[in-house]
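Given next are the chains, with one letter for each unit.
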Amino acid sequence: PQFEPSFGLAVRDPDEGVLWTVPVGEILTAELRGDLVRVSSGGQAASRRQLELVPLDSTGTVLVNEKAYRGRIRIAPGLDGLRVINVIDLESYLVSVVGAEMGRRLPEELAALEAQAVAARTYTLRNLERNSAQGYDLAADVSSQVCGGVATEMPLAQLAVDRTRGQILTLDGIPIDAFYSSTCGGHTESSGAVFSGGDRSYLPAQPDVDPSGRAWCAISPAYQWRETWNGAEVA
């Protein structure tokens, strides 16, 4: 993959410290050499078990294959190539998650964004170290929570995260399993029917409709769909 800084960045070894700095506009490349990560830019190169790219400015971002991310980037060997990990603080991460999961919304839908922020924050804290054997906490797709970096940061998402800062859902002082989905068809399923061993007292099957009886998720493209099979396929 290729990396490019918005305000310059430092190439850092977690044990040795900063190895060199990369100015704005200079491309940095990374590749796997055996069991080492080799990073090079501007005639300089280093091979280590793990390397980090750290923006020189706290507001800076790192472009990963032309997609911008806040925080720092950790590069390490993965199961089938390089593993690129975005190391970022919780609240900044949540702005991108809320924007990605909810999309662009109107100001009158701020309460929904706030609810999403609380659910996403709870889910994050509940699942920290879920993938620690692979060196990260959460994936950036639907296997955890969708996170698109700077591209999915929306002003209303930022406001929702700010207004709910630190708020999570707990049971007996422990963050709950805050499962959520894009579409329920007007009635949620109990968690135990979805996940093996997933019965949770706070996640029963229940209607999810407005006072008129219309499903809240009726605006979802997946709310109604059709699949067709012939007799042979069914058999």
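Everything here concerns the structure above.
Summary of the structure given here. (Residues numbered from 1 in each chain as written. Predicted model: local features only at pLDDT ≥ 70, side-chain atom pairs only at ≥ 80, totals over all residues. Heavy atoms only, no water.)

## Some details on a nonpolar patch on the surface
Turning to step 1, where the next piece is worked out: There is a patch of nonpolar side chains on the surface, built from F179, V194 and F195 and spanning about 260 Å² of accessible area.
Turning to step 2, where the next piece is worked out: Mapped onto the elements, F195 comes out in the loop between helix 4 (191–194) and helix 5 (231–234). (Patch = residues over 30% accessible without salt bridge, like charges linked within 9 Å, V, L, I, M, F, W, Y side chains within 5 Å. Areas by Shrake-Rupley, 256 points an atom, 1.4 Å probe, with all protein chains shown as cover. Salt bridge = Lys/Arg side-chain N within 4 Å of Asp/Glu carboxyl O. Helix = DSSP H or I, 4+ residues; strand = E, 2+ residues; numbered from the N terminus.)

## Regarding the sheet that holds strand 10 (residues 72–77)
Turning to step 1, where the next piece is worked out: Taken in spatial order, the five strands line up as 3-2-7-10-11 in an open sheet, and their pairing is antiparallel. Edge positions in the sheet fall to strand 3 (17–22) and strand 11 (82–87), since each of these pairs with one other strand and no more. Averaged over neighbouring strand pairs, the angle between their axes works out to 25° when direction is ignored.
Turning to step 2, where the next piece is worked out: As paired strands, strand 2 (residues 9–13) and strand 7 (residues 51–55) are joined by four bridges and run antiparallel to one another. Residue pairing for strand 7: R12 is matched across the bridge by E52. (Pairing = 2+ DSSP bridges. Axes fitted to C-alpha atoms, helices over the stretch in contact; angles between N-to-C directions.)

## Examining the side chain of D13
Turning to step 1, where the next piece is worked out: For D13, the position within the fold is in strand 2.
Turning to step 2, where the next piece is worked out: The buried category is assigned to D13, whose relative accessible area is 5%.
Turning to step 3, where the next piece is worked out: There is a polar contact of 3.2 Å between the side chain of D13 and the side chain of R48.
Turning to step 4, where the next piece is worked out: Setting aside residues up to four positions removed in sequence, D13 forms contacts with L19, R48, Q50 and L51. (Buried < 20%, exposed > 50% of the residue type's maximum accessible area, 1.4 Å probe, protein only. Polar contact = N/O pair within 3.5 Å; in protein donor to acceptor, adjacent residues only side chain to side chain. Contact = heavy atoms within 4.5 Å.)

## Quick notes on the packing of helix 2 (residues 110–126) against helix 3 (residues 155–163)
Turning to step 1, where the next piece is worked out: Interhelical geometry of helix 2 versus helix 3 gives an angle of 60° and a closest axis separation of 8 Å. When the axis of helix 2 is compared with that of helix 3, the two are oblique. Viewed along their axes, helix 2 and helix 3 form a crossing whose handedness is right-handed. Only L156, A157, L159, A160, V161 and R163 of helix 3 make contact with helix 2, whose side of the interface consists of L110, L113, E114, A117 and R121. (Parallel < 35°, antiparallel > 145°, perpendicular 65-115°, else oblique. Left-handed = near helix turned anticlockwise from the far one by under 90°.)

## Section: the nonpolar core
Turning to step 1, where the next piece is worked out: Y93, V98, L113 and V161 are the most contacted members of the largest nonpolar core, which has 20 residues in total.
Turning to step 2, where the next piece is worked out: A total of six residues in this core trace back to one element, the largest contributor, which is helix 1 (residues 90–102). (Core = buried A, V, L, I, M, F, W, Y, C linked by side-chain atoms within 4.5 Å.)

## Some details on the sheet that holds strand 1 (residues 2–5)
Turning to step 1, where the next piece is worked out: Read across the sheet, six strands follow the order 6-5-4-1-8-9 without closing on themselves; strand pairing throughout is antiparallel. Where the open sheet ends on each side, the last strands, each with one partner, are strand 6 (44–48) and strand 9 (67–69). The sheet shows a mean angle of 25° between the axes of neighbouring strands, taken without regard to direction.
Turning to step 2, where the next piece is worked out: Bridging between strand 8 (residues 62–64) and strand 9 involves three bridges; their strand directions are antiparallel. Pairing of V62 across the sheet is with Y69, part of strand 9.

## A closer look at the pattern of salt bridges
Turning to step 1, where the next piece is worked out: If you walk through the whole model with that rule in mind, you get 15 salt bridges.
Turning to step 2, where the next piece is worked out: Among the charged side chains, a network of salt bridges with common partners joins R12, E52, R72 and R74.

## Focus on helix 2
Turning to step 1, where the next piece is worked out: Under the 1.5 Å per step criterion, the end-to-end length of helix 2 is 24 Å for 17 residues, consistent within 8% with the ideal 24 Å.
Turning to step 2, where the next piece is worked out: Packing partners of the buried residues in helix 2 comprise helix 1, helix 3 and strand 13 (174–175). (Expected span 1.5 Å × (residues − 1).)

## A closer look at unusual backbone geometry
Turning to step 1, where the next piece is worked out: Positive phi outside glycine occurs at E66, with the angle close to 70°.
Turning to step 2, where the next piece is worked out: With respect to the helices and strands, E66 occurs in the loop between strand 8 and strand 9.
Turning to step 3, where the next piece is worked out: E66 gets classed as exposed once you look at its relative accessible area, which sits at 77%.
Turning to step 4, where the next piece is worked out: With a phi close to 70°, E129 is a non-glycine residue in the positive phi region.

## A word on the pairing of strand 5 (residues 36–41)
Turning to step 1, where the next piece is worked out: Two strands pair when backbone bridges link them, and strand 4 (residues 28–33) and strand 5 are joined in this way by five bridges, in the antiparallel orientation. Residue pairing across strands places T29 opposite S40, the latter belonging to strand 5.
Turning to step 2, where the next piece is worked out: Two successive antiparallel strands, strand 4 and strand 5, enclose a turn made up of two residues, where G34 displays a positive phi of approximately 65°.
Turning to step 3, where the next piece is worked out: Inspection of the sheet shows strand 5 paired to strand 6 by five bridges, in the antiparallel sense. When the sheet's bridge partners are listed, R38 is paired in strand 6 with S47.

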